[in-house]
Amino acid sequence: FRRVLFRSDDDYFELGGNSLQAAVLITWVSKLAGRTVNIETLWQASTVRKMAAYLAAGAKSSYPPAIVPVQPFGDQAPLFCVEPYDSRIAFFPLAVRLSPRLPLFGVEPQRPPAATAATITLEAFAAEAKAAIRSVQPEGPYRLLGYSWGGMVAFEVAQQLIEEGQQVSFLG
């Protein structure tokens, strides 16, 4: 790992940081901070200044387990992206290309144990995703995006929201 000098407001990801380097970085920061720092911390505090404030405040995530804050800041209606594996990796390239005013959240409903995976329905999986989305944004209009199998989940979430009288302004 080579030494690089950063300014306090340089963003780790905008400078080209990737998930493999992030694992090394959060391990290093955890050792220096004397507490566990996870990848979500880096997503929420991707500059030296934000990380220092985050660690000083002893902050913890305010999102439910199924919500992954890829780019949680902004004043526009958020985009919720459903992805079956790791939303941070899948959707970060999209987040850096979108307006910084557009919050982007990954949605990763908890996977059932292998023994019960065959019995869970798409509708039940989508209902869990919908509940997580509504914990962040209680009322529509909603913006939904799905990737891979997440596309089917996003479609079902949209159907359930519409059945509840909510508006879905984007489904991709």
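Along every chain, residues carry numbers that run from 1 in the direction the sequence is written. Two thresholds apply to this predicted model, a pLDDT of at least 70 for residue-level local features and 80 or more for giving and counting side-chain atom pairs, whereas whole-chain, interface and lining totals are computed over all residues. The basis for every side-chain value is the complete set of non-hydrogen atoms in the structure, without hydrogens or water.

Novice: Help me understand the environment of L42, please; the structure alone is not making it clear to me.
Specialist: Positionally, L42 belongs in helix α2 (residues 39-44). Whether a residue is buried, partly exposed or exposed follows from its accessible area with a 1.4 Å probe, protein chains only, as a fraction of its type maximum: under 20%, in between, or over 50%, in that order. Residue class for L42 comes out buried when judged on its relative accessible area of 2%. Here a residue-residue contact requires only that any non-hydrogen atoms of the pair lie within 4.5 Å. Sequence-distant contacts of L42, defined by excluding residues within four places in its chain, comprise Y12, F13, A22, L25, I26 and M51. Strands here are runs of E lasting at least two residues and helices are runs of H or I lasting at least four, both read from the DSSP assignment and numbered beginning at the N terminus.

Novice: Where do I start with the side chain of Q137 in this structure?
Specialist: Turning to its location among the elements, Q137 is positioned in the loop between α6 (122-136) and β4 (142-146). For Q137, a relative accessible area of 11% translates into the label buried. If we skip the residues at most four places from it in the chain, Q137 touches P78, F80 and Y142.

Novice: Help me out: how do you make sense of the pattern of salt bridges in this one?
Specialist: Any two side chains of opposite charge can pair, so long as their charged atoms come close to each other. By definition, a salt bridge exists where a carboxyl oxygen of Asp or Glu is found within 4 Å of a side-chain nitrogen of Lys or Arg. Evaluated as defined, the whole model comprises 5 salt bridges. With a closest N to O distance of 2.4 Å, E164 and K130 form a salt bridge. Here K130 lies in helix α6 and E164 lies in the loop between α7 (149-163) and β5 (168-171), a separation of 34 residues in the sequence. R134 is paired through a salt bridge with E164; the nearest N and O atoms lie 2.6 Å apart.

Read these as geometric descriptors, not functional statements.
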